[in-house]
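Topology and contacts: notes
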Amino acid sequence: MDAAALQTFTSPVVLFFVLGLFAAFARSDLAIPEALAKGMSLYLMAAIGLKGGVAVSKSGLDSTIGLALLAGIAASFLMPLIAFAVLKGFGKLDRLNSGAVAAHYGSVSVVTFVTAVEIYEAQSMPPGGFMVAVMAAMETPAILTGLLLARSAASGEKRPAGEMFHEVFFNASVVLLLGAFAIGAVSGASGFEDVSPFFEAGFKGVLCLFLLDMGLIAARRIMDAKSLTWRLAVIAIAIPLLNGAIGTFAGAAIGLDVGSTAALGVLCGSASYIAVPAAMRLALPEADAGIYLTMSLSITFPFNILINIGLIGAVANALVGPGGMML
């Protein structure tokens with residue numbers, strides 16, 4: 001095992017996630033109060049948004065940032081098409097559920113991204129602050145693609161389009177991430193100094209506790225899974241590998257630094273388990289939530305945290321790191 005892999009598996013944030021998995025599989029009564037978990041989620045999104053905005057205020061906007069945004073948005077629109085074909089063919093899902101699940105695999109997981117940033121910073125390859133904006137931009141296009149793919153199969157009562165679009169574009173994570181990013185960009189480094197003790201000193205500790213809770217939830221959901229087949233379990237691992245590779249090579253091709261290249265790979269390889277499920281419940285209530293939540297939260301999320309973040313970082317380093325193939 002190389003130094004980077006060892007650093008990943010001995011990181012406190014990863015080990016707290018493993019502790020949550022172990023506690024749930026051991027049927028411990030360990031639990032994080034729901035109100036506390038929601039508060040930690042809000043804190044993490046506000047902190048990562050603020051720090052990203054401050055970083056952009058220092059570096060400014062350039063063509064590289066514009067290309068990263070375009071690449072992220074294009075990937076979010078197109079990746080559900082790959083997932084949809086695989087889910088319908090190999091996964092043997094109907095069109096409605098294939099579209100609903102596919103939307104999750106084009107959108108992003110904020111917690112996966114935050115964890116990856118912490119790991120890559122520890123490995124001296126920090127992503128650019130502008131990647132927070134890329135992450136926020138990638139949350140919604142996949143929802144639109146997934147709905148278009150599934151809509152023709154949907155039956156029953158249709159929700160008003162305005163209500164659905166409001167849920168997509170003004171859900172809590174999008175509003176808080178983009179709002180905090182804008183605040184950080186406007187206030188800059190000098191303005192951030194006043195609040196940095198709160199948003200920086202406690203960040204890693206809060207992330208550890210949040211991942212402990214995520215480990216508990218992921219393990220308990222997979223133990224209760226009723227609709228999951230072995231084919232869908234394979235897809236929940238194969239698609240993050242494929243999408244992560246696509247994002248990593250795209251980042252290298254447009255000239256991103258090694259940390260940002262890895263971050264784009266992680267964003268492409270992650271799967272939403274917060275924003276997209278909320279939108280699917282509203283727009284496609286007939287879809288089986290037991291399938292898309294179990295795949296994204298209980299299989300893809302642990303796989304990304306424990307394995308795929310490290311793999312993507314290694315590929316990014318091989319492509320654009322010191323001595324990389326695409327330097």
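Above this text sits the structure in question.
Residues numbered from 1 in each chain as written. Predicted model: local features only at pLDDT ≥ 70, side-chain atom pairs only at ≥ 80, totals over all residues. Heavy atoms only, no water.

Here we take up helix α16 (residues 289–320). Counted at 1.5 Å a residue, the expected span for α16 with its 32 residues is 46 Å, but the 39 Å between its end C-alpha atoms falls short. At Asn304, α16 shows its maximal kink, close to 55°. Two or three places before Gly290, at the opening of α16, Asp288 has a side-chain oxygen 2.9 Å from that residue's backbone nitrogen. (Helix = DSSP H or I, 4+ residues; strand = E, 2+ residues; numbered from the N terminus. Expected span 1.5 Å × (residues − 1). Bend = angle between axes of the 7 residues up to and from the residue. Polar contact = N/O pair within 3.5 Å; in protein donor to acceptor, adjacent residues only side chain to side chain.)

Turning to the pattern of salt bridges, a few remarks are in order. In total, this model carries one salt bridge according to the counting rule given. Lys204 is the salt-bridge partner of Glu118, the closest N and O atoms lying 3.7 Å from each other. With Glu118 in helix α6 (residues 110–122) and Lys204 in helix α12 (residues 203–224), the pair connects residues that are 86 residues apart, well separated along the chain. (Salt bridge = Lys/Arg side-chain N within 4 Å of Asp/Glu carboxyl O.)

Bringing the packing of helix α3 (residues 34–59) against α12 into the picture now. Look at α3 against α12: their axes get within 10 Å of each other, and the N-to-C directions meet at 135°. Our classification of the angle between α3 and α12 gives oblique. Regarding α3 and α12, the two cross each other, and that crossing is left-handed. Contacts between α3 and α12 pair Ala37, Met40, Ser41, Tyr43, Leu44, Ala47, Ile48 and Lys51 from the former with Phe203, Val206, Leu207, Leu209, Phe210 and Asp213 from the latter. Broken down by class, the residue content of the contact of α3 with α12 amounts to eleven nonpolar, one polar and two charged. (Axes fitted to C-alpha atoms, helices over the stretch in contact; angles between N-to-C directions. Parallel < 35°, antiparallel > 145°, perpendicular 65-115°, else oblique. Left-handed = near helix turned anticlockwise from the far one by under 90°. Contact = heavy atoms within 4.5 Å. Nonpolar A, V, L, I, M, F, W, Y, C, P; charged D, E, K, R; others polar.)

Right, let's talk about the side chain of Glu118 for a bit. Residue Glu118 is classed as buried on the basis of its relative accessible area of 8%. Filtering out sequence-adjacent residues up to four positions away, Glu118 remains in contact with Phe203, Lys204 and Leu207. (Buried < 20%, exposed > 50% of the residue type's maximum accessible area, 1.4 Å probe, protein only.)

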